[in-house]
Amino acid sequence: MKKISTARALNLKVHFKNTREVAHSIKGLNLNRAKQYLQNVIKKTEIVPFVRYRYGVGRKSQLKKFKGTSGRWPIKSAQNIFQILRNAEANAKEKGLDLNSLYIKKIEVHKAMKGHRRTFRAHGRVNAFSSHPCHVELWLVEKNARINRTFAP
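What comes next concerns the included structure.

Here is what the cut-offs are and how they apply
- Residues numbered from 1 in each chain as written.
- Predicted model: local features only at pLDDT ≥ 70, side-chain atom pairs only at ≥ 80, totals over all residues.
- Heavy atoms only, no water.
- Helix = DSSP H or I, 4+ residues; strand = E, 2+ residues; numbered from the N terminus.
- Contact = heavy atoms within 4.5 Å.
- Areas by Shrake-Rupley, 256 points an atom, 1.4 Å probe, with all protein chains shown as cover.
- Lys, Arg positive; Asp, Glu negative; His and termini not counted.
- Charge placed at Lys NZ, Arg CZ, Asp CG, Glu CD.
- Pairing = 2+ DSSP bridges.
- Axes fitted to C-alpha atoms, helices over the stretch in contact; angles between N-to-C directions.
- Expected span 1.5 Å × (residues − 1).
- Buried < 20%, exposed > 50% of the residue type's maximum accessible area, 1.4 Å probe, protein only.
- Salt bridge = Lys/Arg side-chain N within 4 Å of Asp/Glu carboxyl O.
- Core = buried A, V, L, I, M, F, W, Y, C linked by side-chain atoms within 4.5 Å.

Comments concerning the overall build of the protein chain
For step 1, the next point in the chain: The number of helices and strands found in the protein chain is three helices and seven strands.
For step 2, the next point in the chain: In the protein chain, the succession of α and β elements from N to C terminus is β-α-α-β-β-α-β-β-β-β.
For step 3, the next point in the chain: For the protein chain, the C-alpha atoms occupy an extent of roughly 65 × 45 × 25 Å along the three principal directions.
For step 4, the next point in the chain: A separation threshold of at least 6 residues defines the contact pool for the protein chain, and within that pool the share at least 24 residues apart is 68%.
For step 5, the next point in the chain: Counting every atom, the protein chain has about 10,300 Å² of accessible surface; 49% of that belongs to carbon and sulfur.
For step 6, the next point in the chain: Taking the average location of the 34 positive side-chain charges in the protein chain and that of its 8 negative ones, the two points are 13 Å from each other.

Right under this line is the structure:
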């Protein structure tokens, strides 16, 4: 029996950049700590540091415990990743894994196909108005479990 639990969500209608930053902030955390962190982000008592997509993002005083100075509280992204985390937890419980020793080994956020709309401007012009959805995949692994590499023939 493998000591791993996975969950994924495709074509989430949340911003890719915000979701990437939320995923980056919870990677490597214990399952219970990650759930508590996401709930705190939703309540705005803890902040998500923006590392890669930080230009135009304001400076916040909650970031004193992080190295960066830019951060936000992406509530919709945090709610979606929290649901994926609960799904992976249910999968782990179904497999009989120890829930207290699970941590987030891998969390990936990929760009999905853009949603194309139009917005109408002055003087009869029309501009593109695209959404930037994403795919999220998550692995939960037991802390001291060793995963053997399998080679495809």
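A closer look at the sheet that holds strand β7 (residues 134-142)
For step 1, the next point in the chain: Read from one edge to the other, the open sheet built from three strands follows the order β1-β7-β4, with strand pairing classed as antiparallel. Strand pairing shows two members of the sheet lacking a second neighbour, β1 (4-12) and β4 (102-111), which therefore form its edges. Recorded for the sheet is a direction-independent mean angle of 10 degrees between the axes of neighbouring strands.
For step 2, the next point in the chain: Bridge count between β4 and β7: nine bridges; the pairing is antiparallel. If you follow glutamate 108 over to β7, its bridge partner there is glutamate 137.
For step 3, the next point in the chain: In the packing of helix α3 (residues 75-95) onto the sheet, contacts are made with β1, β4 and β7, and the angle to β1 comes to roughly 150 degrees.

Some words on α3
For step 1, the next point in the chain: The end-to-end C-alpha distance of α3 is 30 Å, a good match for the 30 Å that 21 residues give at a rise of 1.5 Å each.
For step 2, the next point in the chain: Looking at α3, one finds that the buried residues are Ser77, Ala78, Asn80, Ile81, Phe82, Ile84, Leu85, Ala88, Glu89 and Ala92.
For step 3, the next point in the chain: In this structure, the buried side of α3 is in contact with β1, α1 (16-26), α2 (31-43), β4 and β7.
For step 4, the next point in the chain: After α3 finishes, the residue glycine 96 shows a positive phi value of roughly 85 degrees.

As for the pattern of salt bridges
For step 1, the next point in the chain: In the structure shown here, the tally under the stated rule is six salt bridges.
For step 2, the next point in the chain: The salt bridge partner of glutamate 89 is lysine 35, with a shortest N-O separation of 2.9 Å. In this pair, glutamate 89 sits in helix α3 while lysine 35 sits in helix α2, placing the two residues 54 residues apart along the sequence.
For step 3, the next point in the chain: Its relative accessible area of 16% is what places glutamate 89 among the buried residues.
For step 4, the next point in the chain: Of the charged contacts, one joins lysine 106 and glutamate 108 as a salt bridge, the two residues approaching to 3.6 Å between their closest N and O atoms.

Re the nonpolar core
For step 1, the next point in the chain: In this structure, Ile26, Leu38, Leu85, Ile104 and Ile107 are the most contacted members of the largest nonpolar core, which totals 32 residues.
For step 2, the next point in the chain: Where this core is concerned, the elements lending two or more residues are β1, α1, α2, α3, β4 and β7.
For step 3, the next point in the chain: With seven residues, the top contributor of residues to this core is α3.
For step 4, the next point in the chain: With near-sequence residues (within four places) excluded, leucine 38 lies in contact with Val22, Ile26, Ala78, Ile81, Phe82 and Leu85.

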